[in-house]
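Structure assessment
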Amino acid sequence: MAIVERPTAPLELTTGATTTARPMGGFTRPQSTSGWKSWLTTVDHKRIGVMYGGAAMFFFFIGGVEALFIRLQLAAPEQKLYSADLYNQLFTMHGVTMIFLVVIPLGACFMNYLMPLQIGARDVAFPRLNAFSFWCFLGGGLMLNTSWFLGGGANGGWFAYAPNTGVAFSPGHGMDFYAIGLQITGIASLVGAINLVVTVLNMRAPGMTLMKMPVFTWMGFVTQLLLVFAMPVISVALFLLTFDRLFDANFFKVSQGADPLLWEHLFWIFGHPEVYILILPAFGVVSEIIPVFSRKPIFGYPFMVFSGIAIGFMGWGVWAHHMFASGLGPLSVAAFSMSTMFIAVPTGVKILNWLATMWGGKLRFTTPMLFAIGLVAMFTIGGLSGVTHAVAPADTQQTDTYYIVAHFHYVIFGGALMGFIGGLYFWWPKVFGWLLSDKMGKWHFWTLLVGFNLTFGPMHILGLQGMPRRMHTYAKGYGFDFWNMVATIGAFVIAVSMTIFAANVLLSWRKHRRHPVAVGPDPWDARSLEWMTASPVPAHNYDEVPTVSHLDEFWTRKYGEDATGKVVRLHTSEEVAQKGDATDVHLPSPSYWPLVAALALPIVGYGMIFNLGLAAVGGVLLVAAIYGWAYEPADDPEAHHAHLVHGNGESGDGHGDGDTGDGDGAGSGPEPAAVGAPSGSGESEEEGSSDD
Amino acid sequence: MRTRRRRLAPLALVMPLVLLVSACASHAPQTTLEPKGPIARSIDNLFNGVFLVAVFVFFFVELGVLFLVLKFRQRKDDPDPDALPPQTHGNFRLEITWTIIPAVMLALVGFATLTTLFNINRRDENAMTVRVTGQQWFWEYSYDTNGDGKYTDGDVITANDLVIPAGQDINLDIRSNDVIHSYWIPALNGKKDAVPGHQTPLRINADKPGVYVGQCTEFCGLSHGYMRQRVVAMSQGDFDAWLDNQKKDAEMPSSGDAAAGAKLFATQCSGCHLAKGINDAEFAKQGHGKDFLVSGNAPDLTHFATRGVFAGSIFDLWQDTDHDGVVEADEIGGTLNRGDLEAWLRDPPARKPMDAPALPERGQGKIRGMPDLGLQEEQIDQLVAFLQTLD
Amino acid sequence: MTDTAVTPAELSQDPAQHPKGVPSHATSTGISNEKLAMWVFLGSDCLLFGGLISTYLLLRHRTVAGPTPKEVFDIPFTSVSSFVLLFSSLTMALAVAAIHRGDIRRCRTFLVTTALLGGTFIAGQVYEFTTFVKEDHLGYTTNIFGSAFYTLTGFHGVHVSVGIIMLLSLFVMSIRGRLGPEKAETVEILGLYWHFVDIVWILIFTIVYLIP
């Protein structure tokens with residue numbers, strides 16, 4: 001959001017010429033587009049997507065190690081490897097990490113990278129805001145994890161039921177970190193969601209109507225809408241918890257008349273849509289993979305889209321099924337039981353449509369396809385155990401036992417993560433320009449499938465045998481011993497499997513370094529737009545923005561019907577795809593301010609916990625960053641006249657605020673008088689002025 | 001048993017089968033699959049029906065996947081591997097069909113659910129009612145013995161073992177003194193949360209006399225894993241005798257270690273524990289436990305020795321002479337499990353995670369659980385001798 | 001800012017002669033990104049206030065000790081300050097209308113009037129809170145009503161304050177001659193925010209103060 005006065009005497013620029021330093025309101029605008037520093041200031045949706053993925057994998061490692069510690073303790077009865085308190089911290093942080101710092105950002109990774117590409121846009125609507133979202137997420141996630149070194153992690157469970165999370169029952173700082181850390185990652189999700197919603201609505205390529213968008217983009221779009229409306233609810237809950245803990249407010253003090261069910265309702269009104277936030281992007285990924293490797297279009301595209309929308313809507317009406325045992329009256333229980341049952345219908349439609357897509361195809365079992373089929377097979381189990389929870393009387397036996405643990409791991413690990421890992425294998429060549437080894441990928445898949453089922457399959461039995469969740473240990477004589485040992489072994493098989501994945505990345509990269517093999521734009525003979533540009537995707541995405549006339553636009557450009565009506569290839573991928581070598585496409589400029597603004601938030605957070613003076617420092621930094629941001633044009637103001645447009649005149653600068661900016665080579669020039677319309681707070685960044 | 005399970009381990013991939021087999025195969029006293037009362041049985045029947053439907057869908061989908069994978073794989077002997085299969089985009093009728101079929105199946109499941117749901121939520125106001133109170137980390141039971149609808153000090157208060165007459169409905173009014181807990185005896189009914197500030201109803205019914213174990217299932221802090229409970233069901237005659245005994249005060253022992261223990265109990269334990277007839281005055285003077293404990297409540301020990309377990313039901317109080325893993329009613333009052341009781345008195349936080357570093361001064365912070373009282377071995381012997389007399 | 005489709009012809013023109021604020025916004029929906037983002041944000045904010053208002057409704061009568069709503073509220077005073085805030089919506093609308101007409105001076109006047117009215121409302125709130133604390137002994141931690149009341153009205157107050165800062169920023173820009181007719185949409189977007197905050201206040205005033 002910034003307004004720039006044009007330099008009165010524009011300088012001539014030579015494309016490619018760079019200057020090192022130009023003062024921008026006291027700061028130098030970052031210039032570099034390569035080197036590690038450029039990642040700090042990048043506003044490129046693809047690089048941000050990659051960073052989301054990298055950060056998620058880092059947190060996946062942490063959360064995975066926590067899981068292994070949990071399984072070690074539970075391997076045998078009456079083990080006391082760690083104290084009950086440490087165990088409570090481990091399972092709390094495992095849950096928080098896996099949900100908020102792994103699966104949500106992995107979804108964000110795919111959605112950030114792919115949604116603009118799939119709709120034929122050059123970037124998201126607000127590139128700097130996008131960078132801010134990422135840094136915010138990373139800052140919040142790191143802050144949450146530093147609690148391990150500052151007195152211990154959160155110990156109230158990821159669901160943090162009041163009043164157990166009050167100061168009286170959780171006197172350490174762990175829950176403070178939980179409340180504030182998640183608040184910060186929540187801001188990240190909300191800002192990112194607003195950004196992507198606007199992107200999808202506003203920045204589609206010519207001809208790309210809503211019903212021509214790929215299923216992945218549709219599922220991403222529904223996910224982002226869920227985030228827009230779910231995040232403020234958890235924000236409210238976390239604010240109340242923070243105020244209770246830090247400022248001695250009374251929201252969850254039963255002695256003051258509080259009702260602990262308030263937290264439960266707020267948390268699950270957020271928490272259940274959250275489940276669909278986790279799974280829908282993975283559904284989208286699978287809906288891209290299966291058609292490509294079945295070599296058929298997705299079966300029943302409208303049904304896939306509308307079932308996704310239906311899940312998005314119905315997801316708001318089922319939250320109290322997490323509370324069947326909490327003493328709601330039988331009427332509410334009945335209502336939520338029914339709504340929960342019927343949300344299985346659109347989910348079932350999706351599964352059957354995937355199977356129908358495979359029906360009559362010519363299936364190629366590449367690694368991504370295996371993971372996609374793995375999702376279908378495993379998610380089905382999670383979905384079916386979910387139906388048994390919807391049966392409220394049965395749920396009162398199952399809830400808070402390991403049966404639930406099994407259920408949601410089949411949904412989130414067997415569903416969301418399987419899909420995302422498949423997506424990594426699928427889009428890896430598009431992102432990096434080289435393939436992951438298919439052989440190691442298959443090892444990865446099969447070991448993961450076995451390890452996963454060994455770990456979580458037995459938990460169904462444990463739960464039905466009456467083993468509650470969140471016990472730091474269990475006694476002999478309850479029949480829990482054997483299956484817990486199996487689960488622990490399974491957890492280590494998963495660890496081995498993920499090590500294979502890491503080795504695959506490393507070895508494939510080394511192989512690529514030694515013997516680079518060009519993968520071409522379209523290694524899989526794929527269908528959607530992102531495969532129509534070069535691999536790796538150039539910074540400007542498309543040399544020229546494609547005009548869309550079909551669902552599966554890229555595929556329809558490659559194939560056609562011959563005289564007999566038989567589908568035949570008309571063009572090779574290389575003929576259709578763009579070269580990605582345009583040099584003069586206008587791009588948004590990198591910026592420091594998103595990073596600085598996002599950094600300020602954890603400082604405020606630490607300050608609120610330890611020292612209000614520090615919070616004030618963070619606040620000042622935040623305000624300064626927002627003003628700096630507002631006064632900085634979205635695009636470097638010099639060189640907008642260096643804007644040459646390739647092709648059909650669709651150079652779109654593709655980003656929200658500010659002003660048209662420079663081409664990739666920047667020029668030197670007099671300092672422009674930059675004046676912004678400063679926004680007053682982080683939450684109003686998207687409010688802003690337009691161009692001049 | 002063991003080998004049978006081992007052989008089954010690879011089958012973990014085919015979960016439903018393993019589930020069924022293992023359910024029968026192992027000794028699991030807390031299992032949800034072997035109901036011991038009419039309410040739990042109606043839940044189990046419902047679950048079994050739904051489970052069958054789920055197994056059917058499971059095989060339909062998983063075998064379907066397998067079939068598709070085998071049938072439609074890209075074949076090596078394909079004469080024209082580059083030729084595309086027919087590009088079907090969908091089939092509206094088919095899709096409507098498989099939207100409606102699951103919906104109808106679920107509607108049937110829903111109907112069964114609602115019937116059972118309203119059935120198990122009935123409440124017979126004439127049935128005996130016990131108030132169940134959760135706190136960190138034990139369950140307390142109050143019986144309204146004089147029938148005035150209130151639970152006052154004159155009524156029977158006990159802990160850990162919920163004693164009920166078998167073969168009839170018992171109403172439970174569940175509440176909490178601190179955080180949310182959840183009361184669960186899988187063989188008798190599903191669980192119900194104990195929410196502070198609320199009173200939640202539950203109904204249990206045991207077919208036969210016996211001991212039914214359960215566990216707190218809502219995460220409630222440090223010793224959540226050690227918060228267990230038992231239901232001891234008796235014949236009506238035994239129950240009446242039990243209740244009559246509970247109404248009496250404890251008798252002050254006259255001599256020996258027990259008498260010394262009673263004196264020690266009155267000085268050392270009155271801040272939190274009450275044994276009616278022993279330390280009523282001291283207990284009242286020291287604030288009924290409210291001055292020291294966050295939950296304001298510790299187990300009433302008046303008839304401590306009539307219970308099978310202690311310390312949140314994690315230790316057996318009496319020896320399990322038939323080694324079936326459970327201290328039954330007829331084993332209560334037998335041979336004392338002296339080892340665990342002494343160890344507990346020696347250093348409670350070492351046996352069970354609690355937030356009780358030491359007994360606080362009055363008016364300072366409060367503790368959760370029982371602190372180490374620094375008792376001498378001799379004092380421990382005296383207390384053990386005294387506690388045994390509380391029958 | 002335009003988001004797509006800037007033609008070379010447009011770009012080659014002197015930007016000063018090409019006021020794009022009157023948009024060449026070729027977005028898919030025809031609504032500019034900024035305005036759409038504001039709408040989405042306000043939708044999200046509805047849920048924020050929805051959560052806070054529900055919390056207040058649930059908790060306000062559960063107070064076990066200390067002052068109750070009935071004892072502390074001074075309805076006439078708050079009615080006046082509510083009217084002031086409502087009136088500011090009118091001046092905001094006039095500011096938007098003025099800039100659409102290209103009348104920068106009027107716009108500037110109305111912007112600063114809106115900010116002043118908002119400021120008056122905040123001052124009233126500060127006075128009101130001070131009275132509650134000093135005379136009625138209702139602090140933030142006194143009882144559950146206090147916590148819920150101050151949190152709900154506090155969040156609203158922060159929203160108003162942010163709006164005032166943005167209004168003043170536009171005012172300063174206009175003084176420095178940097179708020180031209182091409183900025184009409186900026187003012188309009190700020191207007192959206194301001195009206196939203198006002199509507200939320202009507203809800204809060206009705207629910208918190210008027211409904212017993």
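In this text the structure is predicted, and so the values were computed from the model without any measurement. Within each chain, residues carry numbers counting from 1 in the order of the written sequence. Just so you know, chain letters begin at A and ligand numbers begin at 1, following the order they were written in. Only residues with pLDDT of at least 70 get local features here, since the model is predicted, and only at 80 or more are side-chain atom pairs given and counted; chain-wide, interface and lining totals rely on the full set of residues.

Observations concerning the overall build of chain A
Our working definition: Helix numbers and strand numbers start at the N terminus; a helix is a DSSP run of H or I with at least 4 residues, a strand a run of E with at least 2. Counting other C-beta atoms within 10 Å of a residue's C-beta gives its exposure: the residue is buried at 20 or more, exposed at 12 or fewer, and partly exposed in between, where C-beta atoms are placed from the backbone.
Across its full length, chain A carries 19 helices and six strands. Per-residue burial for chain A yields a buried fraction of 68% across its 692 residues.

Things to note about the interface of chain A and chain B
We apply this condition: Here the contact rule is simple: place C-beta atoms from the backbone, and any two residues whose C-beta atoms are within 7 Å are in contact. Here the term charged refers only to Asp, Glu, Lys and Arg, the term nonpolar to Ala, Val, Leu, Ile, Met, Phe, Trp, Tyr, Cys and Pro, and the term polar to all other amino acids, Gly among them.
With 83 residues of chain A at the interface, the matching set in chain B holds 82 residues. Put simply, the parts of the chain that give the side of chain A that touches chain B at least two residues each are helix 3 (84-118), helix 8 (301-314), helix 9 (330-342), helix 10 (344-358), helix 11 (367-390), helix 12 (392-398), helix 14 (438-464) and helix 15 (481-514) of chain A. Across the side of chain A that touches chain B, the residue classes tally to 50 nonpolar, 25 polar and eight charged.

Remarks on the nonpolar core
Cut-off, in case you're wondering: Working definition: the nonpolar core is a set of buried Ala, Val, Leu, Ile, Met, Phe, Trp, Tyr and Cys residues, joined through C-beta atoms within 7 Å.
Ranked by size, the top nonpolar core spans 380 residues in total, and within it V103, C136, I194, V197, V228 and A237 of chain A together with V231 of chain B carry the most contacts. For C136 of chain A, the residues in contact, after removing those within four places along its chain, are I184, I187, A188, V191, A598 and L601 of chain A.

Quick notes on helix 4 (residues 75-101) of chain C
Each full turn of the α-helix corresponds to 3.6 residues, which orients residues three or four apart in the same direction. Residues and elements named next belong to chain C. Counted only if it meets this: Multiply 1.5 Å by the residue count of a helix minus one, and that product is the helix's expected span.
Taking 1.5 Å of rise per residue, 27 residues should cover 39 Å, and helix 4 covers 39 Å from first to last C-alpha, within 8% of that figure. S81, S82, L85, S88, S89, T91, M92, A95, V96, A98 and I99 are the residues of helix 4 that are buried. Its buried side turned inward, helix 4 meets helix 5 (104-134) and helix 7 (184-210).

Points about the pairing of strand 1 (residues 128-135) of chain B
Residue and element names in this part refer to chain B. Test applied: Being paired, for any two strands, means DSSP has found at least two bridges between them.
Where burial is concerned, most of strand 1 is hidden: six out of the eight residues are buried. Judged from the six bridges that link them, strand 1 and strand 2 (residues 138-143) form a sheet pairing that is antiparallel. Considered in strand 2, the bridge of R131 is made with S142. Hairpin connection from strand 1 to strand 2: two residues lie between these consecutive antiparallel strands.

What to know about the environment of F365 of chain A
All names here are of chain A. With respect to the helices, strands and loops of the structure, F365 is situated in the loop between helix 10 and helix 11. Residue F365 is classed as partly exposed on the basis of its 15 C-beta neighbours within 10 Å. Residues F365 and F293 lie 72 residues apart in sequence; the distance between their C-alpha atoms is 7.3 Å.

Things to note about the sheet that holds strand 4 (residues 161-165) of chain B
Residue and element names in this part refer to chain B. Formally: Helix axes use the C-alpha atoms of the stretch in contact, all axes being lines fitted to C-alpha atoms, and the angles between their N-to-C directions lie in the range 0 to 180 degrees.
Judged by pairing direction, the sheet is mixed, and its three strands sit side by side in the order 4-10-9 without closing on themselves. Looking at the sheet topology across the chains shown, the edges are occupied by strand 4 and strand 9 (210-215). Between one strand axis and the next, the sheet turns by 20 degrees as a mean value, whatever way the strands run. Contacting strand 4 and strand 10 (228-234), helix 5 (residues 236-247) runs over the sheet at an angle of about 130 degrees to strand 4.

Here we look at the sheet that holds strand 8 (residues 200-204) of chain B
All names here are of chain B. What the five strands build is an open sheet, ordered 3-2-1-5-8; its pairing is mixed. Looking along the sheet, the strands with just one partner apiece sit at the ends: strand 3 (156-159) and strand 8. Strand-to-strand twist in this sheet, taken as the mean axis angle between neighbours without regard to direction, amounts to 25 degrees. Here strand 2 pairs with strand 3 via four bridges, running antiparallel. What sits directly across from E140, in strand 3, is A159.

Considering the pairing of strand 10 of chain B
Residue and element names in this part refer to chain B. With six of seven residues buried, strand 10 is to be regarded as a mostly interior element. Both strand 4 and strand 10 contribute to a ladder of five bridges, which runs parallel. Across the sheet, L162 pairs through a bridge with V231, a residue of strand 10.

Considering unusual backbone geometry
Geometrically, the link from A162 of chain A to P163 of chain A is a cis peptide bond, its omega value of 0 degrees lying close to zero. Residue placement: P163 of chain A occurs in the loop between helix 4 (127-146) and helix 5 (174-202). Look at the link from Q136 of chain B to W137 of chain B: it is a cis peptide, with omega at -10 degrees. You can see W137 of chain B is positioned in the loop between strand 1 and strand 2. Positive phi, close to 55 degrees, is recorded for H288 of chain B, a residue that is not glycine. You can see H288 of chain B is positioned in the loop between helix 7 (280-285) and strand 11 (309-310).

Remarks on the confidence of the model for chain A
Residues shown with low pLDDT carry predicted positions that ought not to be read at fine detail. Residue and element names in this part refer to chain A. Definition in use: One number per residue, pLDDT, summarises how confident the predictor is, and it ranges from 0 to 100.
When pLDDT is averaged along chain A, the result is 87, and 87% of the positions lie at 70 or above. By mean pLDDT, the top-scoring element of chain A is helix 2 (residues 45-74) (97), and the lowest-scoring one is strand 6 (residues 674-675) (34). Segment residues 1-26 is flagged for pLDDT under 50; beyond a separation of four residues in sequence, or across chains, it makes 74 contacts in the model. Overall, residues 639-692 carries pLDDT values under 50, and its contacts beyond four positions in sequence, including any with other chains, amount to 233 contacts.

As for the packing of helix 11 of chain A against helix 14 of chain A
Residues and elements named next belong to chain A. Here is the rule: Roughly parallel here means an angle under 35 degrees, roughly antiparallel means over 145, roughly perpendicular means 65 to 115, and every remaining angle is called oblique.
Two numbers describe how helix 11 lies on helix 14: the axes approach to 9 Å, and their chain directions differ by 10 degrees. When the axes of helix 11 and helix 14 are compared, the pair comes out roughly parallel. On the side of helix 11, the interface is formed by T367, L370, F371, G374 and S385, while helix 14 contributes D438, G441, K442, F445, L449 and H460.

Observations regarding the environment of S332 of chain A
Along the chain, the position of S332 of chain A falls in helix 9. Residue classification places S332 of chain A among the exposed positions, given that 12 C-beta atoms sit within 10 Å.

Looking at the environment of P186 of chain B
By the element assignment, P186 of chain B lies in the loop between strand 6 (181-183) and strand 7 (192-194). For the pair P186 of chain B and P35 of chain B, spaced 151 residues apart in the sequence, the C-alpha separation amounts to 7.2 Å. Setting aside residues no more than four positions away along its own chain, P186 of chain B makes contact with Q397 and G466 of chain A together with Q30, T31, T32, A40 and G214 of chain B.

As for the packing of helix 6 (residues 144-175) of chain C against helix 7 of chain C
Residue and element names in this part refer to chain C. Basically, it comes down to this: Note on convention: near helix rotated counterclockwise from far helix by under a right angle means a left-handed crossing. Clockwise means right-handed.
In contact at an axis separation of 10 Å, helix 6 and helix 7 are set at 160 degrees when each is read in the N-to-C sense. Between helix 6 and helix 7, the crossing angle belongs to the class labelled roughly antiparallel. The two elements helix 6 and helix 7 cross, and the hand of that crossing is left-handed. For the pair helix 6 and helix 7, the contacting residues are F149, L152, T153, H156, H159, V160, G163, M166, L167 and L170 in the first and T186, V187, L190, Y193, W194, V197, V200, W201, I204 and V208 in the second. Residue composition of the contact of helix 6 with helix 7, by class: 15 nonpolar, five polar and no charged.

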